Amino acid sequence: MKKHNFSAGPAILPQEVLQQAAEAVQELDGSGLSLIEISHRSKAFVEIMEEACALALELSGLQNTNYKALFLQGGASSQFLMAAYNLMETRAGYINTGSWSDKAIKEAKLFGEVVEMASSKSANFNYIPKELNAIGDLDYIHLTTNNTIFGTQFHNIPVLSPPLVADMSSDLFSRPLDYSRFGLFYAGAQKNLGPAGTTLIIVDINLLGKVTRSVPSMMDYSLQIAKDSMFNTPPVFPIYTSLLNMRWIVKQGGLEAVGKANAAKAKLLYDEIDRNAAFEGFAAVEDRSMMNATFNLTDEDTAASFDALWNAAGISGLKGHRSVGGYRASMYNALPIESVELLVEVMKEFERTK
Ligand SMILES: *Cc1c(COP(=O)(O)O)cnc(C)c1O
């Protein structure tokens, strides 16, 4: 029986996308060949790459602009350094809202001065700082739109004049957003876009070519753009599956529709967390993530019986990250509201029987 998959990542994909991806591994569109045994320079794959890039730009509302889309490897973690490599001449600002921002900061320090404009570290990152230290002359400002581990999310993107660079790994294409506010944004595919193995990067080309250092080929956005993400062999399977998933998003009605569905799922779960005395939310209420809901038991000694209940109900992936403890329910686009309804049922049953 298919489980209710609340995993934080790699994470749930729509059933029909899995089906289509599995078919393409056997045979791509009646070609007599598998997706993963054809040349990446074949017409069939070049078309897949073109459609994937075009659709990514379209979902971002950035088609026919100065923005380009890339599907590269190395995960979001490589973007921590690649963004700085290509954009930081002397100094950049970073907003520290969790371990992923922390890691981005560590990499950026290899390239110049990092100004930490705000941090919620002293509160174990349970909120999004609103006050930022104003500093002039920043090449860009980096933020993490959704904090997968702590369950916080920027609901208002700060208005700042240097270009914004954003790690959107866990909330890309989950809600309508003015993506033109960002000069560069990136997402490891395995949260809300596709399987692990590729990273989507969307960048305003006007920001490129300004640093004086030389950038190695694989790390060079301009070169990767010139080569249409094919400077080296691209990861064909995750790119194709991401394309299938983006087609699925369009079929749902686009970001407006998935955003509405995600808001409904999040409301259902957070309402129960707030109502049910057996649970308490981890993140500050106004900064709660619509993608990753973090919560704890009010009585940790009852964990074994709650764990037994949700496991028996066919729920998977609910354990919190080790740095927060407790529970984390990830509710990416593909998670049906029925799964959240079931979790809420289990929480109610736990309240009655614990
Ligand atoms: C998962 C995650 C990452 C790390 O992604 P990799 O593709 O494994 O490098 C970075 N940032 C955020 C916000 C994440 O959720």
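Some words on the packing of aromatic side chains
On inspection of all chains with the given rule, the structure shows 14 aromatic pairs. Arranged with centres 5.7 Å apart and planes meeting at 50°, the rings of phenylalanine 279 and phenylalanine 350 form a pair that is tilted. Highlighted residues: phenylalanine 279 in strand S11 (residues 279-281) and phenylalanine 350 in helix H9 (residues 337-353), separated in sequence by 71 residues. Classification of phenylalanine 350 by relative accessible area gives buried; the value is 1%.

Structural notes on the domain arrangement of the protein
The assigned domain composition of the protein is domain 1 (15-252) and domain 2 (253-353). Between the C-alpha centres of domain 1 and domain 2 there is a distance of 27 Å. Listed per partner, the contact involves 29 residues of domain 1 and 27 residues of domain 2. Roughly 2200 Å² of surface becomes buried between domain 1 and domain 2 when both sides are summed, with 55% attributable to carbon and sulfur atoms. Our count for the domain 1 to domain 2 interface comes out at one salt bridge. Note that lysine 130 and aspartate 287 form a salt bridge whose closest N and O atoms lie 3.0 Å from each other. Across the contact surface, domain 1 and domain 2 share 19 residue pairs in polar contact (both at pLDDT 80 or more). Residue assignment for the side of domain 1 that touches domain 2 shows that the elements contributing at least two residues are strand S7 (152-153) and helix H6 (236-252). Top element by residues in the side of domain 1 that touches domain 2 is H6. It accounts for five residues. Classifying every residue of the side of domain 1 that touches domain 2 by side-chain character gives twelve nonpolar, twelve polar and five charged.

Observations regarding the layout of surface pockets
In this structure, the largest pocket occupies an estimated 330 Å³ of space. Around the largest pocket, the lining comprises 18 residues; the ones closest to its centre are Glu50, Cys53, Lys68, Ala69 and Asp228. Considering every element that reaches the lining of the largest pocket, the biggest residue donor is helix H2 (residues 43-59), with six residues. Taken together, the residues of the lining of the largest pocket break down into ten nonpolar, four polar and four charged.

Here we look at the environment of isoleucine 315
Note that isoleucine 315 resides in strand S13 (residues 315-316). Each C-alpha atom, one on isoleucine 315 and one on valine 340, is 9.8 Å from the other, the two residues being 25 residues apart in sequence. Apart from residues no more than four positions distant in its own chain, isoleucine 315 is found in contact with His4, Phe6, Trp310, Leu342, Leu343 and Val346.

Overview of the packing of helix H8 (residues 303-312) against H9
Across the interface, H8 lies against H9 with an axial gap of 10 Å and an inter-helix angle of 140°. Taken together, H8 and H9 sit at an angle that is classed as oblique. Considering how the two elements wind past one another, H8 and H9 form a crossing that is right-handed. Every residue of H9 that contacts H8 at Ser305, Phe306, Leu309 and Trp310 is listed here: Val346, Met347, Glu349, Phe350 and Thr353. By residue class, the composition of the contact of H8 with H9 is six nonpolar, two polar and one charged.

Side note on the pattern of salt bridges
With the rule as written, the count across this model stands at twelve salt bridges. Where lysine 251 meets glutamate 16, a salt bridge forms, and the shortest distance between an N and an O atom there is 2.8 Å. Separated by 235 residues along the polypeptide, lysine 251 in helix H6 and glutamate 16 in helix H1 (residues 15-26) bring together distant segments of the chain. Several salt bridges share partner residues, and in doing so they unite Glu272, Arg275 and Glu351 into one network.

What counts and how
Along each chain, residues carry numbers from 1 onward, in the same order as the chain's sequence is written. Totals for whole chains, interfaces and linings use every residue, but because this is a predicted model, local features are given only for residues with pLDDT of at least 70 and side-chain atom pairs only at 80 or more, for both listing and counting. Water and hydrogen atoms were dropped before computing side-chain values, which therefore reflect all heavy atoms in the structure. Ring geometry is summarised as follows: Phe, Tyr and Trp rings, the Trp one being its six-membered ring, pair when their centres sit within 6.5 Å, and such pairs are stacked at plane angles under 30 degrees, edge-to-face over 60 and tilted between the two. Put simply, DSSP H or I for four residues or longer makes a helix, DSSP E for two residues or longer makes a strand, and each gets a number counted from the N terminus. Buried, partly exposed and exposed residues are distinguished by accessible area as a fraction of the type maximum, computed with a 1.4 Å probe on protein chains only: under 20%, between the cut-offs, and over 50%, respectively. Where each domain begins and ends is defined by an automated method or by a domain database. Throughout, a residue-residue contact means that at least one pair of heavy atoms, one from each residue, lies within 4.5 Å. Two parts placed together each lose some accessible area under a 1.4 Å probe, and adding up what both lose gives the buried area. What counts as a salt bridge is simple: a side-chain nitrogen of Lys or Arg found within 4 Å of a carboxyl oxygen of Asp or Glu. Two N or O atoms count as a polar contact when they lie within 3.5 Å, although within protein this holds only if one can serve as hydrogen donor and the other as acceptor, and sequence-adjacent residues are included solely when both atoms are side-chain atoms. The classification used treats Ala, Val, Leu, Ile, Met, Phe, Trp, Tyr, Cys and Pro as nonpolar, Asp, Glu, Lys and Arg as charged, and all other residues, Gly among them, as polar. Here a cavity means grid points, on a 1 Å grid over the protein atoms only, where a 1.4 Å probe fits yet cannot get out; a pocket means an open set of points with protein on both sides within 12 Å along at least five of seven lines; lining residues are those with an atom within 4 Å of a point. Grid points are joined across faces, edges and corners, and a volume is the space filled by probe spheres set on the points. The convention used is that axes are lines fitted to C-alpha atoms, helices contributing only their stretch in contact, and that angles between N-to-C directions extend from 0 to 180 degrees. Relative orientations are named as follows: roughly parallel for angles under 35 degrees, roughly antiparallel for angles over 145 degrees, roughly perpendicular for angles from 65 to 115 degrees, and oblique for any other angle. Crossing chirality is assigned from the near helix's rotation relative to the far helix, an anticlockwise turn below a right angle marking it left-handed and a clockwise turn marking it right-handed.

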